[in-house]
Amino acid sequence: MRTSARLNVALLQAPTQGVRGPDARALARALGERGHGATVLSSHRGPSRTSVEEGVQTIYSRRWPEAPLRFRGFTGPLTPIPQTVARLLRGRYDLAHAFSPPDALAALWWQRLTGRPVVFTWSEHVSRESLADRRLRLRLVEKAIADANAVMAPDHEAAAQLRRWLMIEPRVIDGADGAAHERMYKSLRRPADHHPRAQ
Amino acid sequence: MDERVALSVVVASHARPLRLRWLLNALEDQTLSGDRWEVLVVHDYDPETAARVLDDHPLAAVGRLRHEAIDPGTGSPARQRNIGWRIARGDLIAFTDDDCRPSSEWLEALLETAAQHPGQLVQGATYPDPFEDAILAAPHVRTLYIEPPGPYAQTCNILYSRELLDGLGGFDEKAIAGEDVGLSLGAKAMGREIVPAAGAIVYHSIESHSLPGILRQNWKWRHLAYLAKRHPEVRATFPLRLFWDRNHLLTTEALAGAAVAGRTRWGLLLAAPLLVDVVRRRGPGRRRKAFAVVEAPGQVVRQAAEVGGLVAGSLRHRTLVL
């Protein structure tokens, strides 16, 4: 199925994320089937590289050892963030879709520089235990939900938890539904209408 | 809404809507029967924030949560708590703070102890929130650890009877810091005691700050001089009846040593106890000690700023506390 306007979407998914939410590669394939470009931006311990995995272009930024940061109580991964922002700037993306708070921070820096929209899907298990469990964690969470143009939950249970703990009303799109994501991305031309706090 | 309840929880809230929500969620899980207690929040949030945090909360839907808004910038913990307990429907008033998370048995344990010791102050334990334990690795953190009965009766976890609050006239609204300590000292002067409540646990948030951030945060403690002036008996808990705590004693000693170091190098020896203390603060282990050494300058600046703040407070309130 071909859509009228082709979107070039960056899907930011740190390797440890996505336990609950849609798999970024599955979403990239679904978007590809609808005629859009989608690239997965991730990170790993090795040097930066680009590869095609399961039919999806995947760009890995280098993740430096985070043990010293973890020892000092910081959330993570934080070290790939500057390189991820650089990759986003180089990629001429129409939109960035982040799946974790550190990914969202990278996307929001890019949003500040380019003015383009950012979608944040909370793909982790939401619980009080994990909301402020490490340094910078709560600040990243608050920034992601306050500044992203749209906040999404992968299912209704996650949405209920986000309502309970973060007082937001996220949109729910199950799994890697390409059509639903496409509609949502295109609706972000009027971003203020879709922020959970605006509802 | 005019029905009496056994116990009212009073919370003063300012600039912490998310933490307040988490507190309300923790109160929702209390084991004490819902018809026996209520929660009153006195805050300075705008109507939209209040609707989102408070009106939309399930406790409000069942009539157990009420809130009172005051004009932004007009509040203080003392004023807000006084507003709260005066409109509360309970004969017992439990205070906690908007950056705390009570355990599910909190109210039940407080109520049980209050029934065994009518008219006394009931204090539960306050511990740094284990959910936020990792943040203790930060160089500058703010949290509380209180094993009851403590000398200061902080409002993060304390219960008073309405009759006692009436007799004391509530919190001293002129006090900018230490108003909770002042209230408990007034109660002690009336012959009341602080009774510990086993199992009434509150977990306090652990917040990390930058050095400028913690200096700003601690600047308010200069007003502890007002507390010492109003309640001189609080000095009984001070080292040498002059220093707020041992750290301030060591810091003052180190500053005095630094001041005379130009005349005699022996003066620097006076700084040794503080430096030893600062290097040992992370506990044993080479790695921990290394971090403590790296953090030492920031810790010294922080302690010196606290003492400097108290000097300013002492001048303002005309009584010496360091």
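Residues numbered from 1 in each chain as written. Chains lettered and ligands numbered in written order. Predicted model: local features only at pLDDT ≥ 70, side-chain atom pairs only at ≥ 80, totals over all residues. Heavy atoms only, no water.

Caption draft 1: Molecular detail of the overall build of chain B. In terms of regular secondary structure, chain B is built from 12 helices and 12 strands. Whereas a compact globule of 322 residues would reach a radius of gyration of roughly 20 Å, chain B reaches 21 Å, a difference of no more than 12%. Considering only C-alpha atoms, chain B reaches an extent of 70 × 40 × 40 Å along its principal axes. Classification of the 322 residues of chain B by burial places 52% in the buried group. For chain B, restricting intrachain contacts to residue pairs at least 6 apart in sequence, the fraction spanning at least 24 positions comes to 78%. Charged side chains of chain B number 38 positive and 38 negative; the gap between the two group centres comes to 11 Å. (Helix = DSSP H or I, 4+ residues; strand = E, 2+ residues; numbered from the N terminus. Rg over C-alpha atoms; globule rule 2.2 N^0.38 Å. Buried < 20%, exposed > 50% of the residue type's maximum accessible area, 1.4 Å probe, protein only. Contact = heavy atoms within 4.5 Å. Lys, Arg positive; Asp, Glu negative; His and termini not counted. Charge placed at Lys NZ, Arg CZ, Asp CG, Glu CD.)

Caption draft 2: The sheet that holds strand 2 (residues 37-43) of chain B, seen in detail. All names here are of chain B. Here 7 strands make up an open sheet; going across it, the order is 3-2-1-4-9-6-10 and the pairing mixed. Since the sheet does not close on itself, it has two edges, and those belong to strand 3 (65-69) and strand 10 (194-196), each with one partner. For this sheet, the mean inter-axis angle between neighbouring strands, taken without regard to orientation, is 25°. Here 7 bridges tie strand 1 (residues 5-13) to strand 4 (residues 90-97), and the two strands are oriented parallel to one another. Bridge pairing in strand 4 links Val11 to Thr96. Lying over the sheet, helix 4 (residues 77-87) contacts strand 1, strand 2, strand 3 and strand 4, oriented at roughly 155° with respect to strand 1. The sheet contacts of helix 7 (residues 179-189) involve strand 6 (121-123), strand 9 (158-161) and strand 10, and relative to strand 9 the element is tilted by about 45°. (Pairing = 2+ DSSP bridges. Axes fitted to C-alpha atoms, helices over the stretch in contact; angles between N-to-C directions.)

Caption draft 3: The arrangement of unusual backbone geometry in detail. All names here are of chain A. Note that the residue after Gly76, namely Pro77, is joined by a cis bond; omega there is -5°. Among the structural elements, Pro77 can be located in the loop between helix 2 (67-71) and helix 3 (81-90). Positive phi is not limited to glycine here, since Leu136 has a value of about 75°. Mapped onto the fold, Leu136 is located in the loop between helix 5 (128-131) and helix 6 (137-147). The class of Leu136 is partly exposed, set by a relative accessible area of 30%.

Caption draft 4: Structural context of helix 10 (residues 246-260) of chain B. Residue and element names in this part refer to chain B. The first and last C-alpha atoms of helix 10 sit 22 Å apart over 15 residues, in line with the 21 Å expected at 1.5 Å per residue. Among the residues making up helix 10, those that are buried are His248, Leu250, Thr251, Thr252, Ala254 and Gly257. Among the structural elements, helix 11 (272-280) and helix 12 (286-317) are those in contact with the buried residues of helix 10. For helix 10, the capping residue at the N-terminal end is Asp245, with a side-chain oxygen 3.2 Å from the backbone nitrogen of Asn247. (Expected span 1.5 Å × (residues − 1). Polar contact = N/O pair within 3.5 Å; in protein donor to acceptor, adjacent residues only side chain to side chain.)

Caption draft 5: Structural view of the pattern of salt bridges. In the structure shown here, the tally under the stated rule is 32 salt bridges over all chains. Between B:Glu295 and A:Arg72 there is a salt bridge; the shortest N-O distance is 2.3 Å. With B:Glu295 in helix 12 and A:Arg72 in the loop between helix 2 and helix 3, this pair bridges two chains. A:Arg72 shares its class with B:Glu295; the two are buried. Put simply, B:Glu38 and B:Arg89 hold a salt bridge, and the shortest N to O gap is 3.0 Å. Here B:Glu38, found in strand 2, pairs with B:Arg89, found in the loop between helix 4 and strand 4; they are 51 residues apart in sequence, far enough to count as distant. Via salt bridges that share partners, A:Arg128, B:Arg19, B:Arg101, B:Asp129 and B:Glu132 belong to a single interconnected network. (Salt bridge = Lys/Arg side-chain N within 4 Å of Asp/Glu carboxyl O.)

Caption draft 6: Region of the structure containing the side chain of B:Ser314. Residues and elements named next belong to chain B. Residue position: Ser314 is located in helix 12. Its relative accessible area of 6% is what places Ser314 among the buried residues. In this view, Ser314 contacts Ala225, Thr319, Leu320 and Val321; residues no more than four positions away in its chain are not counted.

Caption draft 7: Summary view of the packing of aromatic side chains. Residues and elements named next belong to chain B. For the structure on display, the rule yields 7 aromatic pairs over all chains. Aromatic pair Tyr127 and Tyr145: ring centres 5.4 Å apart, planes at 45°, arrangement tilted. Taken as a pair, Tyr127 in strand 7 (residues 126-128) and Tyr145 in the loop between strand 8 (141-142) and strand 9 lie far apart in primary sequence, 18 residues in all. For Tyr127, a relative accessible area of 21% gives the class partly exposed. Given a relative accessible area of 57%, Tyr145 falls into the exposed group. Taken together, Phe95, Tyr160 and Phe171 form an aromatic cluster joined through their ring pairs. It is Arg81 that lies over the ring of Phe171; its NZ or CZ is 5.6 Å from the centre. (Phe/Tyr/Trp six-rings, centres within 6.5 Å; stacked < 30°, edge-to-face > 60°. Lys NZ or Arg CZ within 6 Å of the ring centre and 35° of its normal.)

Caption draft 8: Representation of the interface of chain A and chain B within the structure. At the junction of the two partners, chain A supplies 19 residues and chain B supplies 25 residues. At the boundary of chain A with chain B, total buried surface from both sides reaches about 2100 Å², with 58% on carbon and sulfur atoms. Three residues stand out in chain A for area buried against chain B, namely A:Arg72, A:Arg128 and A:Met167, and they jointly supply 33% of the buried area on that side. On the surface where chain A and chain B come into contact, there are 5 salt bridges. Here chain A and chain B share 8 residue pairs in polar contact (both at pLDDT 80 or more) between them. When residues of the side of chain A that touches chain B are traced back to their parent elements, those giving at least two are helix 5, helix 6 and helix 7 (156-166) of chain A. Here the element with the most residues in the side of chain A that touches chain B is helix 7 of chain A; it accounts for 4 residues. By residue class, the composition of the side of chain A that touches chain B is 7 nonpolar, 1 polar and 11 charged. (Buried area = accessible area lost by both parts, 1.4 Å probe. Nonpolar A, V, L, I, M, F, W, Y, C, P; charged D, E, K, R; others polar.)

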